[in-house]
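Below, each chain spelled out in residue letters.
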Amino acid sequence: MPDVTTTAAAPNPHLAAYAARGLKGRILSGVQPTGNLHLGNYLGAIRNFARLQDDYECLYCVVDLHAITQPQDPAQLAAQTREIAAAFLAAGIDAKKQIIFAQSLVPAHAQLAWVFNCVARVGWMNRMTQFKEKAGKDREAASLGLYAYPALMAADILIYKATHVPVGEDQKQHLELTRDIAIKFNNDFKAPDFFPITEPLIFGAATRVMSLRDGTKKMSKSDPSEFSRINLTDDADAIAGKIRRAKTDPHPMPDTAADAEKRPDADNLLGIYAALADQEKDAVIAAFAGKQFSEFKGALTEIAVAKLGPIGGEMQRLMKDPGHVDAVLRDGGERARAMAEPILAEVYRTVGFLRP
Ligand code: TRP
């Protein structure tokens, strides 16, 4: 289990009910169905999702509503929604015990997002760095949905009163905004403790997987080079080929953490090895210190194929059985709706919407 850090815990009245059931809380997290899943998605998010299910009640959502904040091909969107659900299952998330679903199956997400659009301030949204990155230079041409994206993410979390969200570095600002929205709603409507102040769960180990072609850039589905990333569905040959071609430098393997830090390509490969082997990076540095990259790459290929091969294989198998994946999503959507609807009804009453 990687080390988990949370922010200092204020007394959280929402946790008591979970403690009574031997749980630490309720988790919601989401993955966008935009592009193929790669090693960074797996080590940074999906693997951790599976590890949290013993301690938390978990809802894992394929966020298709978020996906359309940027243009998507409809057929691809549907296929990728299934692929993410398949990855959740292949990674070992128990769809009976936990909930795997697609966001658009639960209308309450969008309904609560509207209320949050009216709680959040334009000034808050203007500070969101992800909007600035995704909108690029021509901000006027970005969709209104891309701008409101963080309010929808807050709704994803708070429509289930989730107490914890596993997030990567890049989503910390959005979770902070979620907390601000919860606080403002609770204050504005004099409903103390109605929404929990959701805590981030941040994983210590190698959550930042970088490009195999450039150790200073994040591994990304939008990188034009296929050799920059290992996809979860890559077979053993593809994994081996990409590791063989992974960028290194002309020196032997680093012998200290300080040396590794100055060599981003080596550091990235060491971090990937450590994450796959569930070891501390320092231990991996010590094990390969001064060796040739070729020897290290052989070991990295071996562990990558051993750990990722079965997951990719299971995903391929599941994607050939879309009926099964769809049934999982349908069932998860029903159970999520049953949880979300009473909370939305309470929000509507609190806001003053007549329920005749
Ligand atoms: N914004 C997240 C990302 O791009 C995806 C997401 C949507 C999410 N809703 C969420 C993550 C709720 C955590 C909780 O990675």
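Residues numbered from 1 in each chain as written. Predicted model: local features only at pLDDT ≥ 70, side-chain atom pairs only at ≥ 80, totals over all residues. Heavy atoms only, no water.

## Here's the deal with the environment of Gln70
Locating Gln70 in the fold gives a position in the loop between helix H3 (64–67) and helix H4 (74–90). Along the backbone, Gln70 and Leu146 are 76 residues apart, and their C-alpha atoms lie at a distance of 7.1 Å. Ignoring sequence-local partners within four residues, the contact set of Gln70 consists of Lys134 and Leu146. (Helix = DSSP H or I, 4+ residues; strand = E, 2+ residues; numbered from the N terminus. Contact = heavy atoms within 4.5 Å.)

## So, the environment of Arg179
By the secondary structure assignment, Arg179 is in helix H9 (residues 172–188). Under the relative-accessibility criterion, Arg179 is labelled buried at 17%. With 18 residues separating them in the primary sequence, Arg179 and Ile197 have C-alpha atoms 5.3 Å apart. A polar atom in the side chain of Arg179 sits 2.8 Å from the backbone oxygen of Thr198. (Buried < 20%, exposed > 50% of the residue type's maximum accessible area, 1.4 Å probe, protein only. Polar contact = N/O pair within 3.5 Å; in protein donor to acceptor, adjacent residues only side chain to side chain.)

## So, the packing of aromatic side chains
The description of an aromatic ring pair uses the distance of the two centres, along with the angle that the planes make with each other. A full pass over the atoms with the stated rule returns 14 aromatic pairs. Geometrically, the ring pair formed by Tyr60 and Phe88 is tilted, given 6.0 Å between the ring centres and 50° between the ring planes. You can see Tyr60 sitting in strand E3 (residues 56–62) and its partner Phe88 sitting in helix H4, a full 28 residues away along the chain. For the pair Tyr60 and Phe88, a shared accessibility class is recorded, and that class is buried. Centroid distance Phe288 to Phe296: 5.0 Å. Interplanar angle 75°. Geometry classified as edge-to-face. Look at Phe288 and you get buried, because its relative accessible area is 10%. Note on Phe296: relative accessible area 0%, which makes it buried. Each member of the aromatic cluster is reached from another via a ring pair, and the members are Phe116, Phe185, Phe189, Phe194 and Phe195. A cation sits over an aromatic face here: Lys161 above Phe194, 4.0 Å from the ring centre. (Phe/Tyr/Trp six-rings, centres within 6.5 Å; stacked < 30°, edge-to-face > 60°. Lys NZ or Arg CZ within 6 Å of the ring centre and 35° of its normal.)

## A few points about the packing of helix H10 (residues 236–245) against helix H14 (residues 293–319)
Packing of H10 against H14 brings their axes to within 9 Å, and their N-to-C directions diverge by 150°. Between H10 and H14, the angle is such that the two are roughly antiparallel. Seen from above, H10 lies across H14 with right-handed handedness. Touching Ala236, Ile239, Ala240, Ile243, Arg244 and Arg245 of H10 are Lys297, Leu300, Thr301, Ala304, Val305 and Leu308, all from H14. Class assignment of the residues belonging to the contact of H10 with H14 gives a composition of 8 nonpolar, 1 polar and 3 charged. (Axes fitted to C-alpha atoms, helices over the stretch in contact; angles between N-to-C directions. Parallel < 35°, antiparallel > 145°, perpendicular 65-115°, else oblique. Left-handed = near helix turned anticlockwise from the far one by under 90°. Nonpolar A, V, L, I, M, F, W, Y, C, P; charged D, E, K, R; others polar.)

## Remarks on the site of the ligand
The immediate surroundings of the ligand are formed by Leu28, Ser29, Gly30, Gln32, Val63, His66, Tyr149, Met153, Asp156, Ile157, Val165 and Gln171. At 2.7 Å from a nitrogen atom of the ligand is found a side-chain nitrogen or oxygen belonging to Asp156. One of the side-chain nitrogen or oxygen atoms of Gln171 is found 2.9 Å away from a nitrogen atom of the ligand. About the coverage of the ligand: the protein hides 88% of its 370 Å² of free accessible area. Of the pockets mapped on this structure, the ligand occupies the largest pocket. (Near = heavy atom within 4 Å. Areas by Shrake-Rupley, 256 points an atom, 1.4 Å probe, with all protein chains shown as cover. 1 Å grid on protein atoms, 1.4 Å probe; cavity = no way out; pocket = protein on both sides within 12 Å on 5 of 7 lines; lining within 4 Å. Sits in = over half its atoms within 2 Å of the grid points.)

## Let's talk about the pairing of strand E4 (residues 99–102)
Looking down a regular strand, the side chains alternate between one sheet face and the other. Here E4 shows a buried face lined by Ile99 and Phe101 and a second buried face lined by Ile100 and Ala102. Both E3 and E4 contribute to a ladder of 4 bridges, which runs parallel. By the bridge assignment, Tyr60 is partnered in E4 with Ile100. (Pairing = 2+ DSSP bridges.)

## Points about the nonpolar core
For soluble globular proteins, nonpolar side chains are generally found buried alongside one another. The biggest cluster of nonpolar side chains holds 61 residues, and the ones touching the most others in it are Leu39, Phe88, Ile100, Leu276, Phe296, Leu300 and Leu308. In contact with Leu308, not counting residues within four places along its chain, are Leu39, Tyr42, Ile230, Leu232, Ile239 and Leu276. Grouped together as the second largest cluster of nonpolar side chains are 48 residues, Leu28, Ala182, Ala191 and Ile202 included. (Core = buried A, V, L, I, M, F, W, Y, C linked by side-chain atoms within 4.5 Å.)

## Thoughts on the layout of surface pockets
Within this model, the largest pocket holds a volume of roughly 1500 Å³. Around the largest pocket sit 46 residues that line it, and Gln130, Asp170, Gln171, Lys218 and Lys221 are the ones nearest its centre. Of all the secondary-structure elements, those providing two or more residues to the lining of the largest pocket are strand E2 (25–31), helix H2 (39–51), H3, helix H7 (129–135), helix H8 (144–158) and strand E5 (164–166). Looking at which element gives the most residues to the lining of the largest pocket, the answer is H2, with 6 residues. The residue inventory of the lining of the largest pocket, partitioned by class, reads 16 nonpolar, 22 polar and 8 charged. (Points joined across faces, edges and corners; volume = space filled by probe spheres on them.)

## Considerations on empty space enclosed by the protein
The final tally for this structure, using the stated rule, is 1 cavity of 30 Å³ or more. Empty space within the largest cavity amounts to approximately 50 Å³. Every residue along the wall of the largest cavity is listed here: Met128, Gln130, Phe131, Leu146, Tyr147, Tyr149, Pro150 and His174. For the lining of the largest cavity, the elements supplying multiple residues, two or more each, are H7 and H8. Residue contributions to the lining of the largest cavity peak at 4 residues, all from H8. Residues belonging to the lining of the largest cavity are distributed by class as follows: 6 nonpolar, 2 polar and no charged.

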